[in-house]
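# Architecture at a glance
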Amino acid sequence: MGFRKKNKSPPVLSHEFVIQNHADMVSCLAMIILLGLMFEVTAKFAIMFITVQYNVTQVLDEKSDPVNFYQYGPKDVATVFFYLLIAVILHALIQEYILDKMNRRLHLSKTKHSKFNESGQLAAFYLFSFIWGCSILTAEDFATNPTFLWEDYPHTHMVFQVKFFYICQIAYWLHALPELYFQKVRKEDIPRQLYYICLYVVHITGAYVLNLHRLGLVLLVPHYLVELLFHASRLFYFSDENKQKGFTLWALLFVIARLLTLTLSVLTFGFGLPRTENQGFSLAEGNFNVLTIRMTCLAAICLTQAWMMWKFINFQLKKWREHSQNQASKKKTTTTTTVSPKSKPHKREPTRGGAANGVVKSEDKTSPRARKAKAS
């Protein structure tokens, strides 16, 4: 299955060959893993990549049916790797069949072209993750009981949707690292994208490993909503530069999301977890409720929010300066057009008899003494 049209066939295993055919290579690798399910010898290895591992069956009541929960373990690395391959394939599909067609119609510059592709990919991911996260929160009824974030910690047991959500989240942000090479991202854009990719990987993986998936999910959903609004607004802006109202709403929700994140983080790590019964550190039980880890997590979240606010303020100041400069340039152009230019003096035709404006001009250029002597 070819995702990109190739005009020339570059040398095999060259950089250009890998970039043009990376989606085909990844799809072949994923197909090999799926074919492993057909054979008994390889099925037990292939299923480790595809299905969610570490299921635990519990009976809550004698009358109720047993419920399946899931924990995390080292086999999750294989599952994350498989869905990383799926993320690369979906990335290529969105790029080829949606974004490239839109770029041909818009005729964007190289700078706007790369930003348009970035916003298009992230907007699709944020929309999908936001809807998925909201469905989990609605089913689990997280929002009505804030103490649910820390009570009965450690939260070692997850339902299928929660664990699969985290597996897909980690896989997506890890796939974004090789995409910097596959998509030929400009060198000046690589540091900026590396920053937020690494922050996502660290925070989501930290919430998953430290059994803080409830808090992580509650914080991710409003954050994804804000990011979805920003990238959707940027897509509309690239299609029509007059459409900038979405950025105003994004700026308001961005500040609210930062305050909500800080409030819930302080409430969980500062007041909730220190008052729970299970205090201590135990890898076997998955308990990380000690002061050092709590303060480290809270400091990491606060520093990240402060960095995001700093970038946000600089972005708003830059936009304000550009707006003020545009307004000043418009005023200058309007003033120069309204004021008429000074008319240059022009020579007038002399009147009959050599008089112009009542002054008689003589063509004789001799001095007065010479004229007097000549007359005498």
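Residues numbered from 1 in each chain as written. Predicted model: local features only at pLDDT ≥ 70, side-chain atom pairs only at ≥ 80, totals over all residues. Heavy atoms only, no water.

### Considerations on the environment of Leu106
One can find Leu106 in helix α3 (residues 76-106). Residue Leu106 is classed as partly exposed on the basis of its relative accessible area of 29%. Sequence spacing of Leu106 and Ser239 is 133 residues, and the spatial spacing of their C-alpha atoms is 6.6 Å. When neighbours within four sequence positions are excluded, Leu106 is seen to be in contact with Phe116 and Ser239. (Helix = DSSP H or I, 4+ residues; strand = E, 2+ residues; numbered from the N terminus. Buried < 20%, exposed > 50% of the residue type's maximum accessible area, 1.4 Å probe, protein only. Contact = heavy atoms within 4.5 Å.)

### Some words on the environment of Gln183
Residue position: Gln183 is located in the loop between α5 (160-182) and α6 (190-209). With 164 residues separating them in the primary sequence, Gln183 and Ile19 have C-alpha atoms 7.5 Å apart.

### Regarding the pattern of salt bridges
Inspection of the entire model under this criterion finds 6 salt bridges. The partner of Glu118 in a salt bridge is Arg192, with the nearest N and O atoms 3.0 Å apart. Of this pair, Glu118 sits in helix α4 (residues 110-140) while Arg192 sits in helix α6; the two residues are 74 residues apart in sequence, bridging distant segments of the chain. On the basis of relative accessibility, which here comes to 10%, the residue Glu118 falls in the buried class. With a shortest N-O distance of 3.2 Å, Arg186 and Glu188 are connected by a salt bridge. (Salt bridge = Lys/Arg side-chain N within 4 Å of Asp/Glu carboxyl O.)

### Points about the packing of aromatic side chains
Within the structure shown, the criterion is met by 35 aromatic pairs. Where Phe125 meets Tyr172, the ring centres are 3.7 Å apart and the plane angle is 5°; that geometry is what we call stacked. Taken together, the residues span a long stretch of sequence, with Phe125 in helix α4 and Tyr172 in helix α5 at a distance of 47 residues. Both residues of the pair, Phe125 and Tyr172, belong to the buried class. Between Tyr126 and Tyr224, the aromatic rings sit 5.1 Å apart at their centres with planes inclined by 45°, giving tilted as the arrangement. You can see Tyr126 sitting in helix α4 and its partner Tyr224 sitting in helix α7 (residues 213-239), a full 98 residues away along the chain. Its relative accessible area of 1% is what places Tyr126 among the buried residues. (Phe/Tyr/Trp six-rings, centres within 6.5 Å; stacked < 30°, edge-to-face > 60°.)

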